[in-house]
Amino acid sequence: MRKLILKLSFLSFFLLSLIALLIVKANTSSASYFTKEISSAYVAFIGTITSFIPFSLFEFIIAILFIALLILLILCLRHLLKKEFRKSLYQFLNILIIISFSLSYFTFTQG
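### Focus: the environment of Ile19
With respect to the element layout, Ile19 can be found in helix α1 (residues 2-26). Taking the relative accessible area as the measure of exposure, Ile19 reaches 45% and is therefore partly exposed. In the structure, Ile19 is positioned 65 residues away from Glu84 in sequence and 33 Å away in space, judged by C-alpha atoms.

In structure tokens form, the structure reads like this:
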């Protein structure tokens, strides 16, 4: 039960942050402030740190998340076929957490 509450907490946090970012970016003045002050500072900071890496960190993270989604989807389907519905629910929540995190991160940095 604790595991379920923790996963639902993460999921709701990422979904609420995504909704908040979309609301902020919907307003022109707040989107301009967010882009000029917050997002650009974050991108500059991460750019300075990752300039020492000879590949794109963003693309690497996307590739890792895609691989993780495939693995979790296979595990979810395997648990469903074995009729282990609780484990399947946990894997499905993990999939939703990764998707909501990816969308929130993309909206924060790019969108």
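### Some thoughts on the nonpolar core
Core analysis: the largest hydrophobic core is formed by six residues, namely Leu4, Leu11, Phe14, Tyr90, Leu93 and Ile97. Counting only elements with at least two residues in this core, the list comes to α1 and α4 (85-109). When sequence neighbours within four positions are dropped, the list of residues in contact with Tyr90 reads Met1, Lys3, Leu4 and Lys7.

### Overview of the layout of surface pockets
Each pocket or cavity is described by its volume, and for the largest pocket that value is around 200 Å³. Along the walls of the largest pocket sit Tyr42, Val43, Ile46, Gly47, Thr50, Ser56, Leu57, Phe58, Ile61, Tyr105, Thr109 and Gln110, which together make up its complete lining. When contributions to the lining of the largest pocket are tallied by element, the ones reaching two or more residues are α2 (28-50), α3 (57-81) and α4.

### Details of the confidence of the model for the chain
The predicted model of the chain has a mean per-residue pLDDT of 86, with 99% of residues at 70 or higher. Taken element by element, the chain is modelled with least confidence in α2, mean pLDDT 82, and with most confidence in α3, mean pLDDT 89.

### What about the packing of α1 against α2?
Relative orientation and spacing of two packed helices are given, respectively, by the angle between their axes and the distance between those axes. Contact geometry of α1 with α2 gives a least axis separation of 5 Å together with a crossing angle of 110°. Classified by the angle between their axes, α1 and α2 sit roughly perpendicular to one another. The segment α1 lies against α2, with Leu21, Val24, Lys25 and Ala26 engaging Thr28, Ser30, Ala31 and Phe34. Its residues placed into classes, the contact of α1 with α2 shows five nonpolar, two polar and one charged.

### Observations concerning the packing of aromatic side chains
Per the stated rule, a full pass over the model turns up five aromatic pairs. Taken together, the ring pairs in this structure connect Phe10, Phe13, Phe14, Tyr42, Phe101 and Tyr105 into an aromatic cluster.

### Looking at unusual backbone geometry
A positive phi angle, close to 60°, is found at Lys83, a residue other than glycine. Tracing the backbone shows Lys83 in the loop between α3 and α4. Of the residues examined, Lys83 reaches a relative accessible area of 64% and is grouped as exposed.

### A short note on a nonpolar patch on the surface
A cluster of nonpolar side chains, contributed by Ile53, Phe55, Phe60, Ile64, Phe66, Ile67, Leu70 and Ile71, occupies part of the molecular surface with about 740 Å² of accessible area. Mapping Ile71 onto the fold places it in helix α3.

About the cut-offs
- Residues numbered from 1 in each chain as written.
- Predicted model: local features only at pLDDT ≥ 70, side-chain atom pairs only at ≥ 80, totals over all residues.
- Heavy atoms only, no water.
- Helix = DSSP H or I, 4+ residues; strand = E, 2+ residues; numbered from the N terminus.
- Buried < 20%, exposed > 50% of the residue type's maximum accessible area, 1.4 Å probe, protein only.
- Core = buried A, V, L, I, M, F, W, Y, C linked by side-chain atoms within 4.5 Å.
- Contact = heavy atoms within 4.5 Å.
- 1 Å grid on protein atoms, 1.4 Å probe; cavity = no way out; pocket = protein on both sides within 12 Å on 5 of 7 lines; lining within 4 Å.
- Points joined across faces, edges and corners; volume = space filled by probe spheres on them.
- pLDDT = per-residue confidence, 0-100.
- Axes fitted to C-alpha atoms, helices over the stretch in contact; angles between N-to-C directions.
- Parallel < 35°, antiparallel > 145°, perpendicular 65-115°, else oblique.
- Nonpolar A, V, L, I, M, F, W, Y, C, P; charged D, E, K, R; others polar.
- Phe/Tyr/Trp six-rings, centres within 6.5 Å; stacked < 30°, edge-to-face > 60°.
- Patch = residues over 30% accessible without salt bridge, like charges linked within 9 Å, V, L, I, M, F, W, Y side chains within 5 Å.
- Areas by Shrake-Rupley, 256 points an atom, 1.4 Å probe, with all protein chains shown as cover.
- Salt bridge = Lys/Arg side-chain N within 4 Å of Asp/Glu carboxyl O.

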